[in-house]
Amino acid sequence: MRMLVANWKMNHLRADLEAFASTFLQGYGAHPGVRVGVAPPFPLLAPAWAAFEGRGVEILGQNGHQEAKGAFTGEVSMAQLRDLGCAGVILGHSERRQFFGETDALLARKLPAARSNGLEPLLCVGERLEEREAGRTLEVLGSQLAILGDSGPGPLTLAYEPVWAIGTGRRAEPGQVAEAHHFIRVELVRHLGPAGESVPILYGGSVTPENFDELLAIPNVAGGLVGGASLDPTKFLALVRSAQVNV
Ligand code: PGA
């Protein structure tokens, strides 16, 4: 199963969402072998669900809190995401790790919180440039994936997103992607047993319609987590069409 997820980050107003949905849905037909998701910012979750309802587009949160409810001003619970129609939630995006101090220990709590509320976690891992340059890429990925050791069974999607490739226009080279995705597969199987064989591993970081075919041809690449190019419905549609070819 392939998968493509639009990560809108802190972009778009309601009118942008309406314009996106109108253009995208004119050209989009769901394909049984390709899951398509949109992760809008929190205020757009309800209108996104309404715009895409019944059209084969999943809605995901970009983050969720580890506690069920309570005095956590400014936070959103997993149950609230589910209540608005979310099928999944992005966890551990590098911007959450970098700007909001999210740690692996915190993510180890968010993962079961998501699942127990019926949300599929989309867990992001990836090395920073200085870590790659120091030859520590696989070590970093291994330590970020260690939280899966205690996570138990349940739905899961992974995203490999080298931090230096996010929003920079500098996507990782095919050899680098192949090495990282292979390593992630091995770690998934080590932590999850045979279930780890079928966890989709997406690539993220400066994915565009121009480079996506090459990325999809790499073993263990099941699709993409897309930021910048996903804001444009025509580009996102082109990415979806690439994923739908030769599934
Ligand atoms: P980008 O972002 O496609 O703009 O590089 C990807 C992401 O952060 O998920």
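Shown above is the structure to which this text applies.
Residues numbered from 1 in each chain as written. Predicted model: local features only at pLDDT ≥ 70, side-chain atom pairs only at ≥ 80, totals over all residues. Heavy atoms only, no water.

> Any chance you could explain the site of the ligand here in plain terms?
Lys 9, His 93, Glu 161, Gly 167 and Ser 206 are the nearest of the 13 residues found near the ligand. A distance of 2.7 Å separates an oxygen atom of the ligand from a polar side-chain atom of Lys 9. With respect to the ligand, the backbone of Gly 167 contributes an N or O atom lying 2.7 Å from an oxygen atom. Summarising the interface, the protein chains cover 96% of the accessible area of the ligand, which totals 280 Å² for the free molecule. (Near = heavy atom within 4 Å. Polar contact = N/O pair within 3.5 Å; in protein donor to acceptor, adjacent residues only side chain to side chain. Areas by Shrake-Rupley, 256 points an atom, 1.4 Å probe, with all protein chains shown as cover.)

> What exactly am I supposed to notice about helix H7 (residues 137–145) here?
Residues lying three or four places apart along an α-helix face the same way, a consequence of the helix completing one turn every 3.6 residues. Considered for burial, the residues of H7 that qualify are Thr 137, Val 140, Leu 141, Gly 142, Gln 144 and Leu 145. Of the surrounding elements, those touching the buried residues of H7 are helix H4 (94–100), helix H5 (104–116), strand S5 (120–125), helix H6 (129–133), strand S6 (157–160) and helix H8 (174–192). (Buried < 20%, exposed > 50% of the residue type's maximum accessible area, 1.4 Å probe, protein only. Helix = DSSP H or I, 4+ residues; strand = E, 2+ residues; numbered from the N terminus. Contact = heavy atoms within 4.5 Å.)

> Sorry, what's going on with the nonpolar core here?
It is characteristic of soluble globular proteins that their nonpolar side chains tend to be buried jointly. In terms of nonpolar packing, the biggest core is built from 61 residues, with Phe 24, Phe 52, Leu 158, Ile 184, Tyr 203 and Phe 236 touching the most fellow members. Not counting residues up to four positions away in its chain, the partners in contact with Phe 52 are Leu 17, Phe 20, Ala 21, Phe 24, Leu 25, Val 38, Val 57 and Ile 59. Counting 11 residues, the second largest nonpolar core, distinct from the first, contains Cys 124, Ala 159, Leu 202 and Ala 222. (Core = buried A, V, L, I, M, F, W, Y, C linked by side-chain atoms within 4.5 Å.)

> I would appreciate a short explanation of helix H2 (residues 45–52) in the present structure.
Buried within H2 are the following residues: Leu 45, Pro 47, Ala 48 and Phe 52. Projected down its long axis, H2 shows its buried positions confined to an angular sector of 165°, all on one face. Elements in contact with the buried residues of H2: helix H1 (14–27), strand S2 (34–39), strand S3 (58–61) and helix H3 (78–83). Phi turns positive one or two residues past the end of H2, at Gly 54, with a value near 75°. (Arc of directions from axis to C-beta.)

> It is not clear to me how the packing of aromatic side chains should be interpreted in this structure. Could you clarify?
Applying the stated rule across the entire model yields seven aromatic pairs. Relative to Phe 52, the ring of Phe 24 has its centre 6.5 Å away and its plane inclined at 80°; by these criteria the two rings are edge-to-face. Note that Phe 24 is positioned in helix H1 and Phe 52 in helix H2, a separation of 28 residues in sequence. Comparing Phe 24 with Phe 52 shows no difference in burial state: the two are buried. One aromatic cluster is present, formed by Trp 8, Phe 20, Phe 24, Tyr 28, Phe 52 and Phe 236 through successive ring pairs. Taking the ring centre of Phe 100 as reference, the NZ or CZ of Arg 96 above it sits at 4.1 Å. (Phe/Tyr/Trp six-rings, centres within 6.5 Å; stacked < 30°, edge-to-face > 60°. Lys NZ or Arg CZ within 6 Å of the ring centre and 35° of its normal.)

> Can you help me understand the environment of Leu 60 in this one?
By the element assignment, Leu 60 lies in strand S3. Of the residues examined, Leu 60 reaches a relative accessible area of 3% and is grouped as buried. For the pair Leu 60 and Pro 200, spaced 140 residues apart in the sequence, the C-alpha separation amounts to 16 Å. Once residues lying within four places of it in the same chain are set aside, the contact partners of Leu 60 are Val 5, Gly 37, Val 38, Ala 39, Pro 40, Leu 45, Cys 86, Gly 88, Val 89 and Leu 122.

Purely spatial values, then, with no claim about function.
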